[in-house]
Amino acid sequence: MSDAPVVALRGIVKVYSTGPLELEVLHGIDLTIERGEYVAIMGPSGSGKSTLMNLIGCLDRPTRGEYLLDGIDVSGLDDNALAEIRLHKLGFVFQGFNLLGRADALSNVALPLFYAGMAPGQRKARATAVLAELGLADRAGHKPSQLSGGQQQRVAIARALVNDPALLLADEPTGNLDSATSEELLQVFRNLNAVGRTVVMVTHDESVASHARRIVRLRDGYIVADAPR
Amino acid sequence: MHRILAYLDEAVTSLWRNRVRSLLTMLGMIIGSASIITVFGISRATTSGIASTFGSFGTFPVVVQADPAQDYPSIAQIHYDDVRTVARALQGITPWVIPEWNRTYLTTFGNKHDYPSVIASSGFHDDGIAMQQGRKLTQEDVNSAAHVCVITADLGAEYFGTGNALGNYLRINGGRYRVVGVYSNIRGSFLNSLVGSSTVAIPYTTFHRDVDPSPPDYILIYAPSGTEETAGKLAIAALQRIHGPGAKYVTQNTADLLKSFENVLNIVGVGLAAIGGVALVVAGIGIMNIMLVSVTERTREIGIRKAGGASRNDIALQFLMESGVLALVGGGIGMAIGVLVTVGGASLLSQQLGEMIIPYAFIVSLAVGFSIVVGVLFGTYPALRAARLAPIAALRA
């Protein structure tokens, strides 16, 4: 573990070009997120918050600017190197859960361990432990279709945590859940943050964002507000 | 290693989930592989069968005859006494120079009669054919122009049934000939018909003196392997010294005939294999097509895997494994069918063409090799396409 910030963005610009059209979505974002923070990135649709989330998550590359993730300059890395970063530094939780439908909960959680090259026995032990931490020990053998929405999202969180990432990224994690389940799930994130996890959550929902300890507001590709709650 | 096994497991599971589709895709591989194996297997086996059967005859003669396409064939007419001159010219090469006639005669035993072909023979060379009863003609028979004959198995059965043929007398064109031997049946009935399944062999001296004094149709030269061409040329030179340089002769070398027969078989085999190859290419395109469909269907899965840390190689390997399994399993089933057809076909053909050797190692490696090549070749493009998908685009699908 380094003392460097988990996320350090300097002058990040993202331009989407479709044929002759060029659309600049982010206009020079500067953002630093320290270890142990719980940050909500907010903004209306079209504000660039999803683009920012994809860049932070190394799912996409900035057009210009510098990005240090856990002290590593990732702005110039190629696809394979980015895959390696995603594997070891990042955990994703998506709005639509994004679980493999035909694999059971345990296999879904163990997926990143497989790509990390861990032996089958160790994979199973580690995935089982993380599932248990999230209260799903008895659901290990269930397929996603046999789980409730809240359970599915907790499986997704377990998968995001299984490689012990530097940063947990959540994109509208409660978007597909009812309010009671959302509340439970946000509690999970809070607990994770309480034990030291760095969490970045993208949402358009004020009540969801209110769980975070810092809120970064985006509008039209600029950060318009950045304040502790 | 456990990684490869995991990918394999993943590939098999995924193919099994779409089993009807997988089976239909494999059908192309099955047909392609089965046809290639059958074609190569049977053509190789046939060649081996023909070669081994011809081999059992021992040496093949060079046939020398007057060229029928000359203006005055009569001046080139081979006379019985020419044979001795030719034999003298060939002294250093082979002693086995004999005249031959191509005739059939009424041949009777009791009230049974037939018109077998009667050939002049000598005891000089070993024809390599096994005897069912008795012996072959000997030099002694030839020297004394003995009234003895050796008959083929078919003829033996026709005249004497299952009983003993030896010591009985056949009446050939009026003369009486004691049966001293019965040939075994040649394994390939096709070659039986080539040689003649109802044939009576008598010493050529006897043939000339007592059956037909007319000039022989050919001269047969049994020359050691490699000297056939020289022997033929020397024989023609000797004949031209007798009949004048205007007399034209042609030689025919049975070994060459066998070789050209094998060549024809090989050409046919290559042609058929090319068609099988086309079938395999079509099968490969089918695999590529279904893999592209699979990549499109599973775009989201690819996105999830990439978000989970899968590299391009991981994704490419996963899809390559699937196309590889499709190709190998299809090729394997095709191989099994092909081997069965080859074994069946060879056992049918061997009745006609003699004992065959099926080149199992050859056809198995052919099938496996082709399947791997097809799987990898046609699986690469879909796999690379999957691997190159941008993770966000894939997740949005």
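Residues numbered from 1 in each chain as written. Chains lettered and ligands numbered in written order. Predicted model: local features only at pLDDT ≥ 70, side-chain atom pairs only at ≥ 80, totals over all residues.

**Q** Explain the sheet that holds strand β12 (residues 218-221) of chain B residue by residue, including any values.
**A** Paired through backbone hydrogen bonds, the strands of a sheet run either parallel or antiparallel to each other. Residue and element names in this part refer to chain B. The 4 strands are arranged β2-β12-β1-β13 in an open sheet whose pairing can be described as antiparallel. Each end of this open sheet is capped by a strand with a single partner; those strands are β2 (97-100) and β13 (249-253). Ignoring which end each strand starts from, the neighbouring axes of this sheet average 25° apart. (Pairing = 2+ DSSP bridges. Helix = DSSP H or I, 4+ residues; strand = E, 2+ residues; numbered from the N terminus. Axes fitted to C-alpha atoms, helices over the stretch in contact; angles between N-to-C directions.)

**Q** Lay out the interface of chain B and chain A with the relevant residues and their values.
**A** Contacts between the two partners involve 18 residues from chain B and, on the opposite side, 22 residues from chain A. Among the secondary structure elements, those contributing two or more residues to the side of chain B that touches chain A are α1 (2-17), α10 (299-307), α11 (312-353) and α13 (391-396) of chain B. Of the residues forming the side of chain B that touches chain A, the biggest block, 5 residues, is contributed by α10(B). Across the side of chain B that touches chain A, the residue classes break down as 7 nonpolar, 4 polar and 7 charged. (Contact = placed C-beta atoms within 7 Å. Nonpolar A, V, L, I, M, F, W, Y, C, P; charged D, E, K, R; others polar.)

**Q** I'd like to hear about the nonpolar core, residue by residue, with values.
**A** Counting residues in hydrophobic clusters, the biggest one holds 119 residues, and the most contacted among them are A:Ile41, A:Val109, A:Leu131, A:Ala158, A:Leu169 and A:Val200. With 12 residues, the single largest contributor to this core is α11(B). If you look at the next biggest cluster of nonpolar residues, it comprises 47 residues, including B:Ile78, B:Leu137, B:Cys149 and B:Tyr222. (Core = buried A, V, L, I, M, F, W, Y, C linked by C-beta atoms within 7 Å. Buried ≥ 20, exposed ≤ 12 C-beta atoms within 10 Å, placed from the backbone.)

**Q** Which residues make up the sheet that holds strand β9 (residues 214-219) of chain A, and what values do they have?
**A** Residues and elements named next belong to chain A. Spatial strand order, β6-β7-β8-β3-β9-β10: 6 strands in an open sheet with mixed pairing. Both outer strands of the open sheet, β6 (90-93) and β10 (222-228), are each paired with one neighbouring strand and no more. Shown here is a sheet whose adjacent strand axes are inclined to one another by a mean of 20°, direction ignored. Two elements, β9 and β10, share 6 bridges in a ladder whose sense is antiparallel. The partner of Leu218 across the bridge, within β10, is Ile223.

**Q** An account of the domain arrangement of chain B is requested, with residue identities and associated values reported.
**A** Domain boundaries assigned for chain B yield domain 1 (2-55 + 259-396) and domain 2 (62-254). Each of domain 1 of chain B and domain 2 of chain B has a C-alpha centre, and these two points are 54 Å apart. (Domains from an automatic or database assignment.)

**Q** Explain the environment of A:Ile223 to me, using residue names and the numbers behind them.
**A** Residues and elements named next belong to chain A. Relative to the assigned elements, Ile223 resides in strand β10. Judged by the 21 C-beta atoms lying within 10 Å of it, Ile223 falls in the buried class. The spatial distance from the C-alpha of Ile223 to the C-alpha of Gly48 is 9.7 Å, given a sequence separation of 175 residues. When residues no more than four places from it in sequence are discounted, the contact partners of Ile223 are Ile29, Leu31, Val216 and Leu218.

**Q** I'd love a proper account of the environment of A:Ala132, names of residues and values included.
**A** Its place among the elements puts A:Ala132 in helix α4 (residues 120-133). Separated by 97 residues in the primary sequence, A:Ala132 and A:Arg35 have C-alpha atoms spaced 25 Å apart.

**Q** Kindly report on the pairing of strand β6 (residues 117-121) of chain B, identifying the contributing residues and their values.
**A** All names here are of chain B. As judged from the 2 bridges shared by strand β3 (residues 103-104) and β6, these two strands associate in the antiparallel manner. Residue pairing for β6: Thr104 is matched across the bridge by Ser117. Examined bridge by bridge, β6 and strand β11 (residues 199-203) share 5 bridges and lie parallel to one another. Residue pairing across strands places Ala120 opposite Ile202, the latter belonging to β11.

**Q** Let's hear about helix α8 (residues 228-243) of chain B: which residues, and what values?
**A** Residues separated by three or four positions in an α-helix point in the same direction, a consequence of the helix having 3.6 residues per turn. Residues and elements named next belong to chain B. Here α8 spans 22 Å end to end across 16 residues, near enough to the 22 Å set by a 1.5 Å rise per residue. Taken together, the buried positions of α8 are Glu228, Ala231, Gly232, Ala235, Ala238 and Leu239. Buried residues along α8 cover an arc of 130° about the axis, so they all sit on one side. In α8, the exposed positions that point more than 90 degrees away from the buried face belong to Lys233 and Arg241. Of the surrounding secondary structure, the elements contacted by the buried residues of α8 are β1 (62-66), α3 (82-89), β12, β13 and α9 (254-297). Residue Gly244 follows α8 closely and has a positive phi angle near 95°. (Expected span 1.5 Å × (residues − 1). Arc of directions from axis to C-beta.)

**Q** Which residues make up unusual backbone geometry, and what values do they have?
**A** Residues and elements named next belong to chain A. At Cys58, a position not held by glycine, the phi torsion is positive, near 60°. Within the fold, Cys58 resides in the loop between α1 (49-56) and β4 (64-69). Even without being glycine, Asp70 reaches a positive phi, approximately 55°. Following the sequence through the fold, Asp70 ends up in the loop between β4 and β5 (72-73). Judged by C-beta crowding, with 21 C-beta atoms within 10 Å, Asp70 ranks as buried.

**Q** Can you break down the packing of helix α5 (residues 149-161) of chain A against helix α6 (residues 179-194) of chain A residue by residue, with the values?
**A** All names here are of chain A. At a minimum axis distance of 10 Å, the contact between α5 and α6 shows a crossing angle of 20°. By the criterion of interaxial angle, the relationship of α5 to α6 is roughly parallel. The crossing of α5 and α6 is right-handed. Mapping the contact onto sequence places Gly149, Gly150, Gln153, Arg154 and Ile157 in α5 and Thr181, Glu184, Leu185 and Val188 in α6. Counted by class, the contact of α5 with α6 contains 3 nonpolar, 4 polar and 2 charged residues. (Parallel < 35°, antiparallel > 145°, perpendicular 65-115°, else oblique. Left-handed = near helix turned anticlockwise from the far one by under 90°.)

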